[in-house]
Structure formats: structure tokens, C-alpha cells
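Structural overview for review
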Protein chains: 2
Amino acid sequence: MKIALLGGTGNLGKGLAMRLALVGHEIIVGSRREEKAISKAEEYRREVGGLDISGMVNEDAAKKCEIAFLTIPWEHAVETARMLRYALRGKIVVSPLVPLKKSGDLFVYASDTSAAEMVAAILENSTVISALHTIPARRFADLNEKFDWDVPVCGDDENAKKLVMNLISQIDGLRALDAGPLSNSRLVESVTPLIMNVIHKNRLPEAGIKFL
Amino acid sequence: MKIALLGGTGNLGKGLAMRLALVGHEIIVGSRREEKAISKAEEYRREVGGLDISGMVNEDAAKKCEIAFLTIPWEHAVETARMLRYALRGKIVVSPLVPLKKSGDLFVYASDTSAAEMVAAILENSTVISALHTIPARRFADLNEKFDWDVPVCGDDENAKKLVMNLISQIDGLRALDAGPLSNSRLVESVTPLIMNVIHKNRLPEAGIKFL
């Protein structure tokens, strides 16, 4: 599939770009700045031995793709979704977004509505699927890392949800699990501040979750 | 330690009674009905070969113990906490409570405030610690089960929290982790409806969580 990683220049974008390219997908790295998108795409492509990874501005990436991942920081998510509303029309859009805030030395879930539902309200002509919130981005971006993580996936369109679950499960070490409709997304998103607090307070390495 | 399992006649109570007795603690099973407490204590005691497990009404169990676990169904939790407010004065009280509701075929987190904070507001002269929400009770009650679960623990009193973490970590297969103050409890409690949805939708066996 033709997959856009919007704002895909961070670690989650990098991990997805490389790992999805490695299982045969065509990857477009998007950024607000074209040069950055191109240079990051070039970097990722080198790491996976010349596979199909290109870079362009977010809007072009959104238009060209079949499915887009919102691999952007939470602070820019709403603004980016508004800007790309038309470019993303009719597409599947995956939200790994978490309304995470720091309050003192604590990580808190700073919203009454889930990020996925907020984004879905803006992208009303796209199909929003919520996934990948609990992936430790730094480890995920390192191809030498071994992991075994579960990925709860929420969405209201069963076919789109299955497609995204299938895509995620193609990545070695990830097991996508149906976590219900988009209205369940807060349950999944709020695992991220929980993990952040737990790893910081107990001095653990970056971690994902597994149901076992 | 002298440990009361208030309403400890269900599977979580059974698992805690047997597993804490096995590591040397004195267990009191509490119930609203004395005969039920006594017969359940008898049953658990037989399963662990005659260790120190007795049964009595909740109020006596609360008075006699050093630390109490609120192993009661959520529907009765607030009422039970109110009734035992004086008996639990000065004690450490562990809340594994989750405001879980079913809405159609979905499990939802049905509260704006965490169960632990609600209970702490009632038990204002006790030290409430929040833990054990994600333990799959049926598996935990079966001594043949093997598991490797993490147990996030929240609380505002650092000493009491450490004591509870230590107690939990004495049970083989459980790793207690500091998850911050009681105000973080909702993050932990809401993992339970997430797990319930995931195991039902994906036809998985009962599961706990692990950060890895």
C-alpha cells in the first residue's frame, strides 16, 4: 500500500517508515518542510538498503497516499488535521495521538475527549482509526531492537479497522488487537501516561504493553 | 502481617488469601455474612494445607487487621466503605476497585473520579492505596496458574505505598510498580475495561498486563 507518515520525521515515523518498507509497502514521509522530508526519507531509505521511501510536504503526501499515519506531536495535531482536511478526504487516517501533558513530575492525560475522536470530528470525510499509542518510539526506530508488544486498535469502520490491524501485524513483534469503537480510544490513549509514569518512577527502560 | 480481605469471598479474595497465606501472612476473610466468611476461609485453608486463614464479618475483620483489601464488587464498594469507616480508621486500605460498567457489548469506565479517590474521600482516616485492578481474578484464584503480571500501585503516602508494593511483590509472578499518587489511579483503573474489551473482542483468555 501507499502509506504516508505525516510529520513522519520523528522516531515513530522513522520506525513505521522502515518497518513498513521492509514488508513491501511504498512509504511517503511527510513534513511541513520539503527539504526535511526528503532528507529524512533519504536517511530511512539508506538504513533499509534502498527500499521505496520518498519525502514530500505533508499536503502532497496526504494526497498521494491510500492510508496516512498522524505521526505528529500532539501540540500540532489539531492544526495539521485542519490543514489537511481536504487532502485526506476519503482516506484511512491512523491516529497514534495522545493528549499527554506533564504536570510537575507526573504525566497526565490532559483531555476530556480522546485525541482520535477530536481528530475524527475535524476529518469528517476520512475514516479515523486509533492505534500505536503505546509504542516506545525510540526503541521502535531502532532496527536492532527486539520486542513483543500488543497494539490495541479502535475504530468505527470495521473494514478499515481490519485493514489497519493487518498492516500493524505485518510488523514483526507487533500484535494488533481489536479494542472496539473509536469511543474506546481514551482507554487506550491513557495507557501512555500510565507507562510514562511507571517507567520514570521505577527507572525502567522505555516499554510497550502486552496482555498475557 | 494481619491482612483482611473484605468481601473476600470472590476470586480476587480467594487468590490473595491463599497466595498471601503461602508467603506467611495471617489472613482474615471478611464477608457480610459470618457463615459465608467462615466456610470460604475453611475452603481456602484446605487448598493451602492448613495455613492461617480465618473468617469473620467484615466489621470484625476490618478491626482486627493491619491492612485491608477492598475485594468487594464495585456496586457495594461505597456503601461498604461508609459502613467500615470507623473500623478502618488508621489502617492501610488497598483499593483494587474499578468503576466498570457494561454498555451494550462494551465495557466502559463509568466514572469521572477514580474509585480509589472516591473511597479515600469516605475513608478519610485511613491510608488508601490503589492496586491490583488488572489481575484476572479467575486465573489468580487457581494455584496451578502460572503468570507474569505487572501491578501498578498508586498512593499519596510513600511508606504505605512501599509496604503494599512489597506485599504484592512477595506473590510469585507479580511485580509491583510505583504508578504515582492516588490522582493517577484512573489511569490504572481504566486499563481494566480496556483489557475486558480486548479479550472479549479478540477471544483471548483472561489476561493481565506487562510493561516490556
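**So, the sheet that holds strand β9 (residues 149-155) of chain A**
Strands in a sheet are paired, the pairing made by backbone hydrogen bonds, and the direction either parallel or antiparallel. Residue and element names in this part refer to chain A. The sheet built from eight strands is open, its strands ordered β3-β2-β1-β4-β5-β8-β9-β10 with mixed pairing. The sheet is open, and its two borders are formed by β3 (53-57) and β10 (174-178), each paired with just one other strand. With strand direction ignored, the average angle separating the axes of adjacent strands in the sheet is 25°. Across the sheet, helix α7 (residues 158-169) touches β1 (2-6), β4 (67-70), β5 (92-95), β8 (127-130), β9 and β10, and the angle it forms with β10 is around 165°.

**Observations regarding the pairing of β9 of chain A**
All names here are of chain A. Most of β9 is tucked away: seven of the seven residues are buried. The alternating pattern of β9 places Trp 149, Val 151, Val 153 and Gly 155 and Asp 150, Pro 152 and Cys 154 on opposite faces, both of which are buried. In this sheet, β9 lies alongside β8 in antiparallel orientation, the contact comprising two bridges. Looking at β9, one finds that Ile 129 is bridged to Gly 155. You can see the chain leave β9, run along α7 and come back into β10, and the turn it takes is right-handed.

**So, the sheet that holds strand β5 (residues 92-95) of chain B**
Residue and element names in this part refer to chain B. Within the open sheet, the eight strands sit side by side as β3-β2-β1-β4-β5-β8-β9-β10. Their pairing is mixed. The sheet is open, and its two borders are formed by β3 (53-57) and β10 (174-178), each paired with just one other strand. Sheet twist, expressed as the average angle between the axes of neighbouring strands with direction ignored, equals 25°. Where β5 lies against strand β8 (residues 127-130), four bridges are found, and the strand directions are parallel. Bridge assignment links Val 93 to a residue of β8, and that residue is Val 128. In the packing of helix α2 (residues 34-47) onto the sheet, the strands contacted are β2 (26-31) and β3, and the crossing angle to β3 comes to about 170°. In this fold helix α5 (residues 115-122) packs onto β4 (67-70), β5 and β8, with an angle of close to 170° to the strand it touches most, β8.

**Details of helix α9 (residues 191-201) of chain B**
Three or four residues apart is the spacing at which side chains of an α-helix point the same way, because the helix has 3.6 residues per turn. The element α9 of chain B is extensively covered by neighbouring structure, given that eight of its eleven residues are classed as buried. Positive phi appears at Arg 203 of chain B, one or two residues downstream of α9 of chain B, with a value of about 50°.

**A look at the interface of chain A and chain B**
Contact with chain A, which involves 35 residues of that partner, is made by 35 residues of chain B. Summed over both partners, the interface of chain A with chain B buries about 2,700 Å², with 69% contributed by carbon and sulfur atoms. Sorting the residues of chain A by area buried against chain B places Leu 187, Phe 211 and Leu 212 of chain A first, and these three jointly supply 25% of that buried surface. Our count for the contact surface shared by chain A and chain B stands at zero salt bridges. Those elements giving two or more residues to the side of chain A that touches chain B turn out to be β7 (106-109), β9, β10, α8 (185-189), α9 (191-201) and β11 (209-211) of chain A. Top element by residues in the side of chain A that touches chain B is α9 of chain A. It accounts for seven residues. Residue composition of the side of chain A that touches chain B, by class: 21 nonpolar, seven polar and seven charged. Sheet topology note: the β11 of chain A/strand β11 (residues 209-211) of chain B ladder contains three bridges and is antiparallel. Among the inter-strand pairings, Ile 209 of chain A is bridged to a residue of β11 of chain B, identified as Phe 211 of chain B.

**So, the relation of the copies chain A and chain B**
These two copies of the chain differ by a rotation about an axis and a displacement along the same axis. For the match of chain A to chain B, the screw axis carries a shift of 0.0 Å, the RMSD comes to 0.0 Å, and the turn is 180°. One copy is carried onto the other by what is essentially a two-fold rotation axis. Relative to the rotation axis, the closest C-alpha in chain A is found at Lys 210 of chain A, a distance of 2.6 Å. Taken together, the interface assignments show that 100% of the residues at the interface of chain A recur at the interface of chain B, consistent with an identical surface on both copies.

**Regarding the pattern of salt bridges**
Applying the stated criterion across every chain yields a total of 28 salt bridges over all chains. For Lys 40 of chain B, the salt bridge identified is with Glu 43 of chain B, shortest N-O distance 3.4 Å. Pair noted here: Lys 40 of chain B and Glu 43 of chain B are both in helix α2, with a separation of three residues, about one helical turn. By relative accessible area, Glu 43 of chain B is classed as partly exposed at 23%. Two residues, Arg 46 of chain B and Glu 42 of chain B, come together in a salt bridge whose shortest N-O distance is 3.7 Å. In this pair, Arg 46 of chain B and Glu 42 of chain B are both assigned in helix α2, four residues apart and thus about one turn of the helix distant. On the basis of relative accessibility, which here comes to 60%, the residue Arg 46 of chain B falls in the exposed class. Because the salt bridges share partners, they merge into one network encompassing Lys 14, Lys 40, Glu 43 and Glu 47 of chain A.

**Considering the confidence of the model for chain A**
Within chain A, residue pLDDT values average 97, and 100% of them lie at 70 or more. The ipTM, which scores confidence in the relative placement of chains, is 0.95 for this predicted complex, and the corresponding pTM is 0.96.

**Observations regarding the packing of helix α4 (residues 74-83) of chain A against helix α5 (residues 115-122) of chain A**
All names here are of chain A. For the pair α4 and α5, interaxial distance at closest approach is 9 Å and the crossing angle is 20°. In terms of orientation, α4 and α5 fall into the roughly parallel class. Along this stretch, α4 crosses α5, giving a crossing that reads as right-handed. In this structure, α4 contributes Trp 74, Val 78, Ala 81 and Arg 82 to the contact, and α5 contributes Ala 115, Met 118 and Ile 122. Here the contact of α4 with α5 is built from residues that sort into six nonpolar, no polar and one charged.

Cut-offs and rules
- Residues numbered from 1 in each chain as written.
- Chains lettered and ligands numbered in written order.
- Predicted model: local features only at pLDDT ≥ 70, side-chain atom pairs only at ≥ 80, totals over all residues.
- Heavy atoms only, no water.
- Pairing = 2+ DSSP bridges.
- Helix = DSSP H or I, 4+ residues; strand = E, 2+ residues; numbered from the N terminus.
- Axes fitted to C-alpha atoms, helices over the stretch in contact; angles between N-to-C directions.
- Contact = heavy atoms within 4.5 Å.
- Buried < 20%, exposed > 50% of the residue type's maximum accessible area, 1.4 Å probe, protein only.
- Right-handed = clockwise from strand over helix to strand, strands pointing away.
- Buried area = accessible area lost by both parts, 1.4 Å probe.
- Salt bridge = Lys/Arg side-chain N within 4 Å of Asp/Glu carboxyl O.
- Nonpolar A, V, L, I, M, F, W, Y, C, P; charged D, E, K, R; others polar.
- Least-squares fit on C-alpha atoms with pLDDT ≥ 70 in both.
- pLDDT = per-residue confidence, 0-100.
- Parallel < 35°, antiparallel > 145°, perpendicular 65-115°, else oblique.
- Left-handed = near helix turned anticlockwise from the far one by under 90°.

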